[in-house]
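# Survey of secondary and tertiary structure
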Amino acid sequence: MARYVARTSFALVLLAIAAGVALVLGIIGVYGVISYAVSQRSRELALRMALGAQAGHVKGMVLRQGLLLCAIAVTIGLGLAFGLTRLMAGLLYGVSPVDPVTFLAVAAGLSGVALAATYLPARRAAGVDPMTVLRAE
């Protein structure tokens, strides 16, 4: 019994390591995409601020864009997870393959991570000096 549990435990440790690496790559990817989008839209954001938009409004706009992408990705991911959990049912002990608490916790955690990765580019977008950006163009 100990050997059987050790084999499953080793597989789960490898899955956890792969999940951690995937999460870090996801954070870097979300940050990179939103940061690139903000840098491409710097002139537009500076023009909005020059015409009277508040920094909080610009930050909120960038955060909404990032969270919309996150919502789409989490929805697709949950759909795929519902389908693929049948393959991993043998590795689960004491948990249903379609455990709603786990799915909601993971979705909330990923949304929080995406919000944190989006916050830095949003803060940078809100801190843009309109005159500097418009003068450079």
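Predicted, not measured: the structure shown is a model, and the values here were computed from it.

## Topic: the nonpolar core
Among the nonpolar cores identified, the biggest contains 10 residues, and these are I34, V38, L45, M49, V58, M61, V62, L63, A122 and A125. Elements with a contribution of two residues or more to this core: α1 (2-40), α2 (42-50), α3 (55-84) and α4 (100-126). The element best represented in this core is α3, accounting for four residues.

## Structural notes on a nonpolar patch on the surface
On the surface, a cluster of nonpolar side chains totalling about 880 Å² of accessible area is made up of L12, L15, L68, I72, I76, L80, L84, L87 and M88. Ranked by residue count, the leading element in the nonpolar patch is α3, at five residues. Turning to its location among the elements, I72 is positioned in helix α3.

## Details of the packing of aromatic side chains
The tally for this structure, following the rule as stated, stands at one aromatic pair. Both rings, one in F82 and one in F103, keep their centres 4.6 Å apart while their planes meet at 5°; by these two values the pair is stacked. Residue F82 is located in helix α3, and its partner F103 is located in helix α4; the two are separated by 21 residues in the primary sequence. Using a relative accessible area of 38% as the deciding quantity, one classes F82 as partly exposed. For F103, a relative accessible area of 12% gives the class buried.

## What about α1?
Helix length check: α1, at 39 residues, gives a terminal C-alpha distance of 56 Å against a target of 57 Å (1.5 Å per residue), a fit within 8%. Buried-residue contacts for α1 involve α2, α3 and α4.

## Digging into the layout of surface pockets
Considered as a void within the structure, the largest pocket measures approximately 1,200 Å³ in volume. A19, G77, A81, V106 and L110 are, among the 35 residues lining the largest pocket, the residues nearest its centre. For the lining of the largest pocket, the secondary-structure elements that each account for two or more residues are α1, α3 and α4. Among the elements that line the lining of the largest pocket, the one with the most residues is α1, at 11 residues. Counted by class, the lining of the largest pocket contains 28 nonpolar, six polar and one charged residues.

## Digging into the side chain of T85
Summarising the element assignment, T85 is placed in the loop between α3 and α4. For T85, a relative accessible area of 13% translates into the label buried.

## Here's the deal with the confidence of the model for the chain
Summary statistics for the chain give a mean pLDDT of 86 and a share of 99% for residues scoring 70 or more. When the elements of the chain are averaged for pLDDT, helix α5 (residues 130-136) gives the smallest value, 78, and α3 the largest, 90.

Criteria and cut-off values
- Residues numbered from 1 in each chain as written.
- Predicted model: local features only at pLDDT ≥ 70, side-chain atom pairs only at ≥ 80, totals over all residues.
- Heavy atoms only, no water.
- Core = buried A, V, L, I, M, F, W, Y, C linked by side-chain atoms within 4.5 Å.
- Buried < 20%, exposed > 50% of the residue type's maximum accessible area, 1.4 Å probe, protein only.
- Helix = DSSP H or I, 4+ residues; strand = E, 2+ residues; numbered from the N terminus.
- Patch = residues over 30% accessible without salt bridge, like charges linked within 9 Å, V, L, I, M, F, W, Y side chains within 5 Å.
- Areas by Shrake-Rupley, 256 points an atom, 1.4 Å probe, with all protein chains shown as cover.
- Salt bridge = Lys/Arg side-chain N within 4 Å of Asp/Glu carboxyl O.
- Phe/Tyr/Trp six-rings, centres within 6.5 Å; stacked < 30°, edge-to-face > 60°.
- Expected span 1.5 Å × (residues − 1).
- Contact = heavy atoms within 4.5 Å.
- 1 Å grid on protein atoms, 1.4 Å probe; cavity = no way out; pocket = protein on both sides within 12 Å on 5 of 7 lines; lining within 4 Å.
- Points joined across faces, edges and corners; volume = space filled by probe spheres on them.
- Nonpolar A, V, L, I, M, F, W, Y, C, P; charged D, E, K, R; others polar.
- pLDDT = per-residue confidence, 0-100.

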